[in-house]
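# Remarks on the overall topology
Here's the letter readout for the chains.
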Amino acid sequence: MITGGGKRIHIQEISARDGFQIEPRFIATDDKVAFINGLSRAGLAKIEVTSFSSPRAIPTLADAELVLRKIDRVPGVEYAALVPNVRGCARALEVQLDEINVVVSASETHNRANLRMSREQSLAGIREIAALVQGRVHLSVSISTAFGCPFEGPMDSARVLELVDRLSQIGVGRMSLCDTTGVANPAQVYALCLKAHTDWPQVVFTAHFHDTRAMGLANAVAALEAGIDHFDASLGGLGGCPFAPGASGNVCTEDLVHMFEAMGYTTGVDLEQLLKLARGLPALVGHEVPGQVLKAGPATRRYPVPGPDGSALDASCQSTPREDRQAGLSNTSERRS
Ligand code: COA
Ligand code: ZN
């Protein structure tokens, strides 16, 4: 079994982009800014703030420029934005950023559904973008559908590695292997991550998982075992690509941090601060979020020891009058009646 021994893991927060892009309602710019400012103080390595996509395609992120102009910059945190095309890159270069993250799909069909162009056209765009950003900001490329596509099915790892090779030749030094619709399994993740990490040692790879089929954390451990130490994650487990049918939330940041820290890795992230922000998410997005540690508390959580008569099983029982409990009533049921 792998143990961390204090090894550093880089947690890259993507809720403000991958998370908000699929939300049905627009989140007010100032609420986004306050949320991102809270994330900036949680010790995260990088925050993907927004995307410079067409406002018609992603209306919830139509305020990209404004958000990037308004947020605080905390030293040590990298601020990134996703761009789908050269036009998006030109917009991104007008504001202060540390990284531009271009998206391309391993699957031709998903590339066309998401970006309305072929993979070859996307690669030509990336070549142009690489020249534009050189010496100004870091360039990263997210490879969507790297483990499977909702239209084409399982992804041949050779196709992904060929894309990695071509991107590497363009000079891309940061790449994310993205499981866009949560179809990857740990065996597949381990094999692809190990091959990529071993054969392109000059590239910093990020693992980007969606928890659509409850394999997200298992996949993260598999990627870690293969040598990956950069992970995308989304607070509360928000997330999903609006142009990939069946997409749902990313691996949840607070769950991932909690797991890695429990295993002995160092994330540099303040879990309490994450949980505080995650508690505010339902009010921000208008629905419950899937995060587990938020509901259960960290594994270090302790409950009051029950009394000899079985009382005080938890804090809520403790405050419930004994005779009410004997009568089958709780504070909650009283309130409901
Ligand atoms: N930002 C703002 N506007 C953009 C733009 C960008 N990055 N790219 C294109 N546009 C505008 C064009 O100016 C044009 O505007 P007009 O109709 O007012 O003249 C319009 O969008 C159509 O341009 P076109 O080149 O035909 O693009 P398209 O309609 O085929 O859209 C994308 C292509 C990629 C811009 C669009 O599909 C998109 O943003 N998709 C979102 C991808 C994404 O973020 N997915 C989730 C993350 S994985
Ligand atoms: Zn994603």
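Residues numbered from 1 in each chain as written. Chains lettered and ligands numbered in written order. Predicted model: local features only at pLDDT ≥ 70, side-chain atom pairs only at ≥ 80, totals over all residues.

Right, let's talk about unusual backbone geometry for a bit. In this structure, Arg 116 takes a positive phi of about 55° despite not being glycine. Looking at Arg 116, the number of C-beta atoms within 10 Å reads 13, which means it is partly exposed. In the Ramachandran plot, Ala 214 falls in the positive-phi region, its phi being about 60° despite a non-glycine side chain. Residue placement: Ala 214 occurs in the loop between β9 (204–209) and α9 (216–225). Residue class for Ala 214 comes out exposed when judged on the 9 C-beta atoms lying within 10 Å of it. (Buried ≥ 20, exposed ≤ 12 C-beta atoms within 10 Å, placed from the backbone. Helix = DSSP H or I, 4+ residues; strand = E, 2+ residues; numbered from the N terminus.)

Mapped onto the elements, Ala 64 comes out in helix α3 (residues 64–70). When the 25 C-beta atoms within 10 Å are taken as the criterion, Ala 64 is described as buried. Expressed as a C-alpha distance, the spacing of Ala 64 and Ile 9, which sit 55 residues apart in the sequence, is 28 Å.

Take the nonpolar core next. If you look at the biggest cluster of nonpolar residues, it comprises 88 residues, and the most contacted ones within it are Val 49, Ala 81, Ile 100, Ile 143, Leu 177, Cys 193 and Leu 256. In this structure Leu 256 touches Ile 11, Leu 217, Ala 220, Phe 231, Ala 233 and Val 251, once residues within four positions along its chain are discounted. (Core = buried A, V, L, I, M, F, W, Y, C linked by C-beta atoms within 7 Å. Contact = placed C-beta atoms within 7 Å.)

It is worth spelling out the sheet that holds strand β3 (residues 78–83) at this point. With respect to topology, 8 strands assemble into a closed barrel ordered β1-β2-β3-β4-β5-β8-β9-β10, the strand pairing being parallel. Along the sheet, successive strands turn relative to each other by an average axial angle of 25°, direction set aside. The pairing of β9 with strand β10 (residues 230–233) spans 3 bridges and is parallel. Note that in β10 the partner of Thr 206 across the bridge is His 230. Seen against the sheet, helix α5 (residues 108–115) touches β4 (99–105) and β5 (138–144) and runs at an angle of roughly 125° to β4. Strand contacts of helix α10 (residues 253–262): β1 (10–13) and β10, with the helix running at about 175° to β1, the strand carrying the most contacts. (Pairing = 2+ DSSP bridges. Axes fitted to C-alpha atoms, helices over the stretch in contact; angles between N-to-C directions.)

Below, the discussion takes up the site of ligand 1. In the vicinity of ligand 1, 20 residues are found, and the nearest of them are Ser 53, Ser 54, Ala 57, Gly 88 and Arg 116. Secondary structure elements with two or more residues in the shell around ligand 1: α4 (86–92) and α5. The leading source of residues in the shell around ligand 1 is α4, at 3 residues. Residue composition of the shell around ligand 1, grouped by class: 9 nonpolar, 8 polar and 3 charged. (Near = placed C-beta within 6 Å. Nonpolar A, V, L, I, M, F, W, Y, C, P; charged D, E, K, R; others polar.)

Our next topic: the packing of helix α8 (residues 186–199) against α9. The contact between α8 and α9 brings their axes to 8 Å, and the two run at 30°. Viewed along their axes, α8 and α9 adopt a mutual orientation that is roughly parallel. The crossing of α8 and α9 is right-handed. Here Pro 186, Val 189, Tyr 190 and Cys 193 of α8 lie close against α9, whose contacting residues are Ala 218, Asn 219, Val 221, Ala 222, Ala 223 and Glu 225. Per-class residue counts for the contact of α8 with α9 are 8 nonpolar, 1 polar and 1 charged. (Parallel < 35°, antiparallel > 145°, perpendicular 65-115°, else oblique. Left-handed = near helix turned anticlockwise from the far one by under 90°.)

Attention now moves to α5. Buried residues of α5: His 110, Asn 111, Asn 114 and Leu 115, and no others. All buried residues of α5 lie within an arc of 105° about the axis, which places them on one face of the element. On its buried side, α5 packs onto β4, α6 (119–133), β5 and β6 (148–149). After α5 finishes, the residue Arg 116 shows a positive phi value of roughly 55°. (Arc of directions from axis to C-beta.)

As a further point, take the pairing of strand β2 (residues 46–51). The buried fraction of β2 is high, at 6 of 6 residues. Relative to β2, β1 runs parallel, the two being bridged by 2 bridges. Of the residues in β2, the one forming a bridge with Glu 13 is Ile 47. With 5 bridges connecting them, β2 and β3 associate as parallel partners. Each bridged residue has a counterpart across the sheet, and for Thr 50 the counterpart in β3 is Ala 81. For the handedness criterion, the β-α-β arrangement of β2, α3 and β3 is classed as right-handed. (Right-handed = clockwise from strand over helix to strand, strands pointing away.)

Quick look at the packing of α10 against helix α11 (residues 271–279) now. At a minimum axis distance of 10 Å, the contact between α10 and α11 shows a crossing angle of 160°. Considering the angle they form, α10 stands roughly antiparallel to α11. As for the relative orientation of α10 and α11, their crossing is left-handed in sense. Taken together, the residues of α11 that come into contact with α10 (itself represented by Thr 253, Glu 254, Val 257, His 258 and Glu 261) are Leu 271, Leu 274, Leu 275 and Ala 278.

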